[in-house]
Amino acid sequence: MNDSIAIHLKKLHKRIIDAARDCGRNPEEITLIAASKTQDVSRIKAAIAAGQSHFGENYVQEAINKMAKLADPGVIWHFIGPIQSNKAKLIAENFSWVHSVDRLKIAEKLNLAREQNQQALNVLIQVNTSGEESKSGVAPQQVPKLVKQIQQLPNLRLRGLMTIPAASDDIEQQQVPFKQLKQLINELNQQGIELESLSMGMSKDLEAAIYQGATMVRIGTDIFGPREYNSGNS
Ligand SMILES: *Cc1c(COP(=O)(O)O)cnc(C)c1O
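1. Here's the deal with the overall build of the protein
On a plain count of helices and strands, the protein comes out with 9 helices and 8 strands. What you see for the protein is a C-alpha radius of gyration of 17 Å, in line with the 17 Å of a compact globule of 234 residues. Relative to its full complement of 234 residues, the protein shows a buried share of 50%. Sequence separation of at least 24 residues holds for 58% of the intrachain contacts in the protein that already meet a minimum separation of 6. When the accessible surface of the protein is summed, it comes to about 11500 Å², and 48% of that surface belongs to carbon and sulfur atoms. Distance between charge centres in the protein, computed from 27 positive and 25 negative side chains, equals 4 Å.

2. Points about the site of the ligand
In the vicinity of the ligand, the residues found are Ala35, Lys37, Asn58, Ile80, Ile164, Met202, Ser203, Arg218, Ile219, Gly220, Thr221 and Arg227. The contact in question runs from an oxygen atom of the ligand to an N or O atom on the side chain of Lys37, over 2.7 Å. Arg227 has a polar side-chain atom sitting 2.8 Å from an oxygen atom of the ligand. Summarising the interface, the protein chains cover 90% of the accessible area of the ligand, which totals 390 Å² for the free molecule. Residue classes in the shell around the ligand are distributed as 5 nonpolar, 4 polar and 3 charged.

3. What about the side chain of Gln52?
Mapped onto the secondary structure, Gln52 falls in the loop between helix 2 (41-49) and strand 2 (54-57). Look at Gln52 and you get buried, because its relative accessible area is 6%. Among the polar contacts made by the side chain of Gln52, one reaches the main-chain carbonyl oxygen of His54 at a distance of 2.8 Å. If sequence neighbours within four positions are ignored, Gln52 has contacts with Leu9, Leu32, Ile33, Ala34 and Ala47.

4. What about the nonpolar core?
Counting 64 residues, the largest nonpolar core has Val98, Leu110, Ile125, Ile150, Leu161, Val217 and Ile223 as the members making the most contacts within it. The dominant element in this core, judged by the number of residues it contributes, is helix 1 (residues 3-22), at 6 residues. With 5 residues, the next largest nonpolar core counts Ile33, Trp97, Leu124 and Met216 among its residues.

Conventions and cut-offs
- Residues numbered from 1 in each chain as written.
- Predicted model: local features only at pLDDT ≥ 70, side-chain atom pairs only at ≥ 80, totals over all residues.
- Heavy atoms only, no water.
- Helix = DSSP H or I, 4+ residues; strand = E, 2+ residues; numbered from the N terminus.
- Rg over C-alpha atoms; globule rule 2.2 N^0.38 Å.
- Buried < 20%, exposed > 50% of the residue type's maximum accessible area, 1.4 Å probe, protein only.
- Contact = heavy atoms within 4.5 Å.
- Areas by Shrake-Rupley, 256 points an atom, 1.4 Å probe, with all protein chains shown as cover.
- Lys, Arg positive; Asp, Glu negative; His and termini not counted.
- Charge placed at Lys NZ, Arg CZ, Asp CG, Glu CD.
- Near = heavy atom within 4 Å.
- Polar contact = N/O pair within 3.5 Å; in protein donor to acceptor, adjacent residues only side chain to side chain.
- Nonpolar A, V, L, I, M, F, W, Y, C, P; charged D, E, K, R; others polar.
- Core = buried A, V, L, I, M, F, W, Y, C linked by side-chain atoms within 4.5 Å.

Distances and angles like these do not, on their own, reveal function.
Here you go:
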């Protein structure tokens, strides 16, 4: 079972290289984050043994339990799930990156909780590119204001933008929200705000995201197989 993780990772590296080549990008600009929610420690270890070092988690307590069991300082942990304000402190203390900041209150809590002796916490603003009420993320027009507010927080280092668009099977359609996120970061760059990270692309829309400039892709299913949900994740 766990052998397949190495094979899946190899295939994924090839997909990233091929997609980058298709659009004239350097594949080394693209970081693969293994979305490991619900995957147990043995499966994460299998991925680490196959060379994977960036992992994304959605549930704070589940992630902290796994971090303790792994005790592997080589792993870089990304928080990619919705943030409840009472979990912000644990997130700030335990992760290197947070992709899902969508309001000032959460950014302030992360800033306050980040230890002075730690490096600044890398954060991305999650943008709602599909305009669906149910999706989390800040509306695109609100992004510049939130950028300026987050830049005032000394223990956070704003790195870029993230989005989770509505699912589509059509690669042209998939590119629309990714293109919007790319344009947004370009506009910010033109205003002299230096941001470089675009976290976009999952198992089904990895290529579309790379064509539009993704620098971080978050992949779960195509590494670990379909997720089995069980109780106790939160
Ligand atoms: C689970 C998850 C992913 C990975 O999704 P797959 O379709 O399994 O590749 C990526 N990003 C976020 C925020 C997730 O929660």
